[in-house]
Amino acid sequence: MEIVSEIVHLAPYAGCAFVPTMGALHDGHLSLIREAKKLDVPVVVSIFVNPEQFAPNEDFSTYPRSLEQDAAFAEVAGATVVFAPSVETMYPKTNPTISLPPAATEPKLEDAFRPGHFRGVCLAVARLFDLVKPTAAIFGEKDYQQFLVIKQMVEQQNARWDNLHIIGAPNIRDDDGLAMSSRNVFLSADQRTQALAIHLALKEPNEQKMAEKLDQHGLDVEYAVIRDEATLLEPRKNEPKRALIAVKVGDVRLIDNCSLENSS
Ligand code: PAF
């Protein structure tokens, strides 16, 4: 699998299907690459551990990095090329700016617990869209708020990315129900068992019961909420809803969500 890091090497792939990642690829990422492959255009996978989206107290320095293995996995899943840019290529100017869409600041979910996170995500993704010039970009719904933020960012700047479709792909779980995440490698066997309460809590009928289930299993709850699926604001009657959870298991922060069928 070819790994390129210079902008000039991206030119042949304009119009591609694009899967942006931070590496440490697992089956969840590979399912995004397979979705991209269905579009019948070249598939570009980016691997960039984006310093701008980590707060100083977060796990940027310990975030798993495995470029060669990732490239091999990406190839098997159907990627055409891996783009692994340097920080200098991604951020040629110091203090880059970006305007944030409502989903990045209004829900008070990830935005409340990780201030500055979506600014960093939007900076990286906007730069990658400008460099890669895809016609479709695929994001996992595991990071549901991120997916909405990016969708809104592209809608707001439709002159800049006029031919770009943002596609959401379903959350992929291990057989035991734990949503796949690059951070799962940090869980001890006991913590992993504890973390199984997350997907069970998503099946509870209301926020109080969700929080109780997480609490019973000793998880440190940041949020366990039911929100409007389109905005992540308070649920609206007869509109689709989504349950979303963020917890800490020891030092490991995990998020998960699912769409709720009952929209009354
Ligand atoms: O979801 C991720 O891996 C990252 O937030 C992304 C979209 C690649 C931006 O750095």
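The structure under discussion appears in the preceding block.
Scoring rules and cut-offs
Residues numbered from 1 in each chain as written. Predicted model: local features only at pLDDT ≥ 70, side-chain atom pairs only at ≥ 80, totals over all residues. Heavy atoms only, no water. Near = heavy atom within 4 Å. Polar contact = N/O pair within 3.5 Å; in protein donor to acceptor, adjacent residues only side chain to side chain. Areas by Shrake-Rupley, 256 points an atom, 1.4 Å probe, with all protein chains shown as cover. Helix = DSSP H or I, 4+ residues; strand = E, 2+ residues; numbered from the N terminus. Core = buried A, V, L, I, M, F, W, Y, C linked by side-chain atoms within 4.5 Å. Buried < 20%, exposed > 50% of the residue type's maximum accessible area, 1.4 Å probe, protein only. Contact = heavy atoms within 4.5 Å. Pairing = 2+ DSSP bridges. Axes fitted to C-alpha atoms, helices over the stretch in contact; angles between N-to-C directions.

Caption draft 1: Structural context of the site of the ligand. Neighbouring the ligand are the residues Pro20, Thr21, Met22, Asn50, Gln53, Val121, Val125, Phe139 and Gln146. The side chain of glutamine 146 places a nitrogen or oxygen atom 2.7 Å from an oxygen atom of the ligand. Protein chains bury 90% of the 280 Å² of accessible surface belonging to the ligand in isolation. At the level of elements, β2 (17-21) and α5 (117-132) are the ones that each hand at least two residues to the shell around the ligand.

Caption draft 2: How the structure looks around the nonpolar core. Of all hydrophobic cores here, the largest spans 43 residues; its most connected members are Phe18, Val44, Phe83, Phe129, Phe139 and Ile166. When residues of this core are traced back to their parent elements, those giving at least two are β4 (81-83), α5, β5 (136-140), α6 (144-156), β7 (220-228) and β8 (241-249). In terms of residue count, α5 provides more of this core than any other element does, 11 residues in total. Setting aside residues up to four positions removed in sequence, phenylalanine 129 forms contacts with Phe18, Pro134, Ala137, Phe139, Ile150, Met153, Val154, Trp161, Leu164 and Ile166. Residues Ala201, Met210, Leu219 and Ile226 belong to the second largest nonpolar core, which totals 18 residues.

Caption draft 3: Quick peek at the pairing of strand β6 (residues 165-169). Bridging between β5 and β6 involves five bridges; their strand directions are parallel. Opposite alanine 136, over in β6, you have histidine 165 as the bridge partner.

Caption draft 4: Up close: the sheet that holds β2. Read across the open sheet, the six strands follow the order β1-β4-β3-β2-β5-β6; overall the sheet is parallel. Unpaired on one side and paired on the other, β1 (3-4) and β6 mark the two borders of the sheet. Sheet contacts for α6: β5 and β6; angle to β6, the most-contacted strand, approximately 170 degrees.

Caption draft 5: Local environment of the environment of glutamate 261. Among the secondary structure elements, glutamate 261 is positioned in the segment after β9 (252-260). Since its relative accessible area comes to 82%, glutamate 261 is described here as exposed. Separated by 20 residues in sequence, glutamate 261 and lysine 241 have C-alpha atoms that sit 7.7 Å apart.

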